[in-house]
Amino acid sequence: MYYKDLIKMQRYPHSWCPGCGIGSVLKNTAKVLAGMNLDHTNTIAVSGIGCSGRMAGYLNMDAVHSLHGRALTSAEAIKTVRPQHNVVVLSGDGDLFSIGGNHFLHTARRDPDITVVCNNNEIYGLTAGQYSPTTPKGTYTTTSPKGCKYEPIDIHGILRTMPRYFYARSTVWHVLHMQKCIQEAIQWKGFAFVDVVSDCIEINGRHIGYKKASEMFAMYKEKYKIVRDVEVLGPHDLGVVKKE
Amino acid sequence: MKTLLGGNDAFFQGALRAGANYFAGYPISPTTEILTLAAERAEEQQDFHFLQAEDEIAAAIAVVSASLAGAKAFTATSGPGFSLMQEAISWGYRVEAPTVFFESQRVGPSTGAPTFPAQEDILQAMHGAHGTYYPLAFYPNSPAECYTLAVTAFNAAEEAMQPVIFLCDGYVSHLYEPVDLEALEIPPAVPRSRPPLGTGKRHFTGIAADEEGIPRTGNPQVQEAWVRKVKKRNEEVAKRYPLYEYKERDSDTLLISYGSTSRVVAPLQERFSHFRPIRIFPVLKEELRKACEGYEHIVVLEANDGQYAMLVEHAIGREVEKIPLLGGKISLSRIKEPLKEVLGVELEDVL
Ligand SMILES: Cc1ncc(C[n+]2csc(CCOP(=O)(O)OP(=O)(O)O)c2C)c(N)n1
Ligand code: SF4
Ligand SMILES: [Mg+2]
């Protein structure tokens, strides 16, 4: 299977901005699915709402574009009714942690066998640049013109309070690593979360000192390091932490 | 054989009879028994799925999603939970997900009088959610009817490919009556028609999209065509269920009531004509017009301040008299004063 067979090319040109990290997340998810022979016969995609929430609809399989914040609940119910299928959620940081924060907590706790790939661009892209729960403290956004006052949410920390968990962090620059993380997440029996640090060049990047997406990618390369066999990830460590 | 059956219980049995196999909910009076029954059922029966969700938002999303995944899915709640479910219900209309939302009313607004019955969410059942859609809602007045109408509700949902609201109230939910389920006439269950998730390359989206699921937000014709399609289907299905009860007496007065109020005013039905809508939405316009012809007085008695009365006025094009029963006490004694005021008759004289 070729990864492009898993993308609805008839929907191109797509709706994302040039240089947006979402393309990388979608493409690399499709590559992993193709490599694992996962297609419309055995896999269902689910998204919430946001620029990232448009991803499921571009996969060439039954896709559910649910409501803002509700992708996880939707996915869990689908997995219950279609237990033989892989259910993959593709959504954004605002969707999954803000309006969907309560569902995140409870879905993770119930531990259904679903995979979540979060395009974490640390901003509300679709609604034009308000701070999200993952926006770093001090960052300019349209609703924090003097810098975001709050510390970001610690998803890795929250998941590590669960008796069983799978958390992976990668970036849109580290594509092979991202693929490995997504593949391992799909293989994990239970709630598997892949946090992909990603860019929103148009609405966020340009306002915080980056002229082009490539400059943000260079920053990811510089700032984030892949680590192996650790129990805890530092704030800029990339890798997988899990507990059976 | 007759067994003693409560309204909630009967609705749940009816849902099973209709083939329901997915329930998600959150505890709230006066429907919690249904949640409990569903939990027990899931323990006994592997192909029945149950989720006690973290809130009604999750429950409603789960129900619509389970329907897309192929289940016959339903939930049960009352006013406060129903309000939280509205966004998902709106989504359910757009993605054409047959589902049943059981809403047993209690006194509001807000927490109100949680253990006392009301009929205050009639308009919420009609258009509590956002956007253009066409509601279908039924409202029984006995446990036996909870059972039969449950099957009707699931069937209508499947035929119209949309959420159906099953209205109830605290009295009917907790009214226990001997019922012989075997003796009831039950329509055959309509099977699921749309192939479940995981069998195609479809896109189920809340966005204004074409029949392929491709967003067409810049094209008003696409959305308009969708509205016309679902409106037509809703009307066709509603026509199959023109459910009401009309008792004609030699009287210049027609009383209109439904749900538990129709049970409470039953003694008045010997003296006055009575109309009881069972299909609440779409409003039984033709049936009401016909029934209301020739009466000097048309009196709507309901446990809210004129919500259905307003719809009756709209349907028949004239004003009606209203007897609101507010605060959670639906009883004959409370009708005494208004009856004198509106019709100039003493309650004792008509009993
Ligand atoms: C109930 C509701 N509230 C608000 C919105 C508006 N809205 C759409 S997307 C979005 C934020 C999305 O942020 P994120 O998940 O980070 O996605 P991104 O666009 O950054 O990929 C908001 C607030 C909505 N669609 N629904
Ligand atoms: S607004 Fe940001 S997140 Fe949305 S498509 Fe553009 S770059 Fe991507
Ligand atoms: Mg975002």
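Higher on the page you've got the structure.
In this text the structure is predicted, and so the values were computed from the model without any measurement. (Residues numbered from 1 in each chain as written. Chains lettered and ligands numbered in written order. Predicted model: local features only at pLDDT ≥ 70, side-chain atom pairs only at ≥ 80, totals over all residues. Heavy atoms only, no water.)

### Observations concerning the overall build of chain B
The test is simple: In DSSP terms, a helix is any run of H or I states spanning at least four residues, a strand is any run of E spanning at least two, and both are numbered starting from the N terminus. Our radius of gyration looks at C-alpha atoms and nothing else; its globule reference is 2.2 Å times the residue count to the power 0.38. For every residue, the accessible area obtained with a 1.4 Å probe (protein chains only) is divided by the maximum for its type, and the residue is called buried under 20%, exposed over 50%, and partly exposed between those limits. Contacts: residue pairs with any heavy atoms within 4.5 Å of one another. Only four residue types enter the tally: Lys and Arg on the positive side, Asp and Glu on the negative side; His and the chain ends are excluded. Where a charge lies is defined by one atom per residue type: Lys uses NZ, Arg uses CZ, Asp uses CG and Glu uses CD.
On a plain count of helices and strands, chain B comes out with 13 helices and 16 strands. What you see for chain B is a C-alpha radius of gyration of 20 Å, in line with the 20 Å of a compact globule of 351 residues. For chain B, the C-alpha atoms occupy an extent of roughly 65 × 50 × 40 Å along the three principal directions. Put simply, chain B has 351 residues, and 60% of those count as buried. Contacts in chain B between residues far apart in sequence, at least 24 positions, make up 73% of those at least 6 positions apart. Positive and negative charge centroids in chain B, built from 33 and 47 side chains respectively, lie 6 Å apart.

### Some words on the site of ligand 1
What counts is decided by this rule: Throughout this document, a residue counts as near a molecule or strand when at least one of its heavy atoms sits within 4 Å of that molecule or strand. In the analysis that follows, any N or O atom pair within 3.5 Å is treated as a polar contact, provided that within protein one partner can donate a hydrogen and the other can accept it, and provided that, for residues neighboring in sequence, both atoms belong to side chains. Under the scheme applied here, ten amino acids are nonpolar (Ala, Val, Leu, Ile, Met, Phe, Trp, Tyr, Cys and Pro), four are charged (Asp, Glu, Lys and Arg), and all others, including Gly, are polar.
Inspection of the region around ligand 1 gives 17 residues, with C51(A), S52(A), G94(A), D95(A) and G125(A) positioned closest. In this structure ligand 1 sits where residues from chains A and B come together. Within the side chain of S52(A), a nitrogen or oxygen atom sits 2.5 Å from an oxygen atom of ligand 1. A distance of 2.8 Å separates an oxygen atom of ligand 1 from a polar atom in the backbone of G125(A). Sort the elements by how many residues they give to the shell around ligand 1 and helix 3 (residues 93-99) of chain A lands first, with 4 residues. Within the shell around ligand 1, the residues separate by chemical class into 6 nonpolar, 8 polar and 3 charged.

### Describing the packing of aromatic side chains
So the rule is basically this: Only centres within 6.5 Å qualify two rings of Phe, Tyr or Trp (six-membered ring in Trp) as a pair; their planes then separate them into stacked at under 30 degrees, edge-to-face at over 60, and tilted for everything else. Criterion for a charge above a ring: Arg CZ or Lys NZ at most 6 Å from the ring centre, at most 35 degrees from the ring normal.
Taken as a whole and judged by the stated rule, the model has 28 aromatic pairs over all chains. One aromatic cluster in this structure is built from F11(B), F12(B), F23(B), F48(B), F50(B), F74(B), F102(B), F154(B) and F166(B). Over the ring of Y58(A) we find R11(A), and its NZ or CZ is 4.0 Å from the ring centre.

### A few points about the pattern of salt bridges
Residues and elements named next belong to chain A. As a reminder of what qualifies: The salt bridge definition used is simple: a Lys or Arg side-chain nitrogen within 4 Å of an Asp or Glu carboxyl oxygen.
The full count for this structure, using the stated rule, is 25 salt bridges over all chains. When the shortest N-O distance is used, the salt bridge between K242 and E184 registers 2.6 Å. Note that K242 is positioned in strand 8 (residues 237-243) and E184 in helix 6 (residues 175-187), a separation of 58 residues in sequence. What makes K242 partly exposed here is its relative accessible area of 43%.

### A word on the site of ligand 2
The environment of ligand 2 is formed by W16(A), C17(A), C20(A), C51(A), N121(A), C200(A), I201(A), E202(A) and I203(A). The residue makeup of the shell around ligand 2, split by class, is 7 nonpolar, 1 polar and 1 charged.

### Structural notes on the coordination of the magnesium ion (ligand 3)
Residue and element names in this part refer to chain A. Note the threshold: The rule for donors is simple: N, O or S, within 2.8 Å of the metal, or within 3.2 Å if the metal is Na, K or Ca. Water isn't counted, so a site may look like it is missing partners.
Bound to the magnesium ion (ligand 3) on the protein side are D93 (OD), N121 (OD1) and I123 (O), at distances that span 2.0 to 2.2 Å. When the donor residues of the magnesium ion (ligand 3) are listed from N- to C-terminus, their spacing reads D-x27-N-x1-I. Taken as a pair, D93 in helix 3 and N121 in the loop between strand 4 (115-120) and helix 5 (155-159) lie far apart in primary sequence, 28 residues in all. For the pair shown, D93 and N121 are each scored as buried.

### Here we look at the nonpolar core
Applied cut-off: Put simply, a nonpolar core is a bunch of buried Ala, Val, Leu, Ile, Met, Phe, Trp, Tyr and Cys residues held in one set by side-chain atoms that sit within 4.5 Å of each other. Domain ranges listed in this record stem from an automatic or a database domain assignment.
Ranked by internal contacts, the top residues of the largest apolar core, which has 84 residues, are F193(A), Y22(B) and I256(B). Per-element accounting of this core gives the leading share, 9 residues, to helix 3 (residues 56-68) of chain B. Counting contributing residues per domain, this core is built from domain 1 (3-200 + 209-239) and domain 2 (245-343) of chain B, each supplying no fewer than three. When sequence neighbours within four positions are dropped, the list of residues in contact with F193(A) reads L96(A), F97(A), F104(A), V116(A), C118(A), I155(A), L159(A), F166(A), Y167(A) and A168(A). One finds A34(A), M55(A), Y58(A) and I182(A) within the second-largest nonpolar core, a separate group that totals 44 residues.

### Section: the sheet that holds strand 15 (residues 297-302) of chain B
Residue and element names in this part refer to chain B. Threshold: In this description, strands pair whenever DSSP reports at least two bridges between them. Note on method: axes are straight lines fitted to C-alpha atoms, helices fitted across the in-contact stretch only, with angles between N-to-C directions ranging 0 to 180 degrees.
Pairing within the open sheet is mixed, and its 5 strands lie in the order 11-13-12-15-16. One side of each edge strand has no neighbouring strand; the edge strands of this open sheet are strand 11 (244-247) and strand 16 (321-324). The mean inter-strand angle of the sheet, taken between neighbouring strand axes irrespective of direction, is 15°. Where strand 11 meets strand 13 (residues 273-277), 4 bridges bridge the pair, whose relative direction is antiparallel. Note on strand 13: the bridge partner recorded for K247 is H274. Against the sheet, helix 10 (residues 285-292) contacts strand 11, strand 12 (253-256), strand 13 and strand 15, and its axis sits at roughly 150° relative to strand 12. Where helix 11 (residues 307-316) meets the sheet, it contacts strand 12, strand 13, strand 15 and strand 16, and its direction lies at approximately 150° from that of strand 15.

Don't take any of this as a statement about function, it's just geometry.
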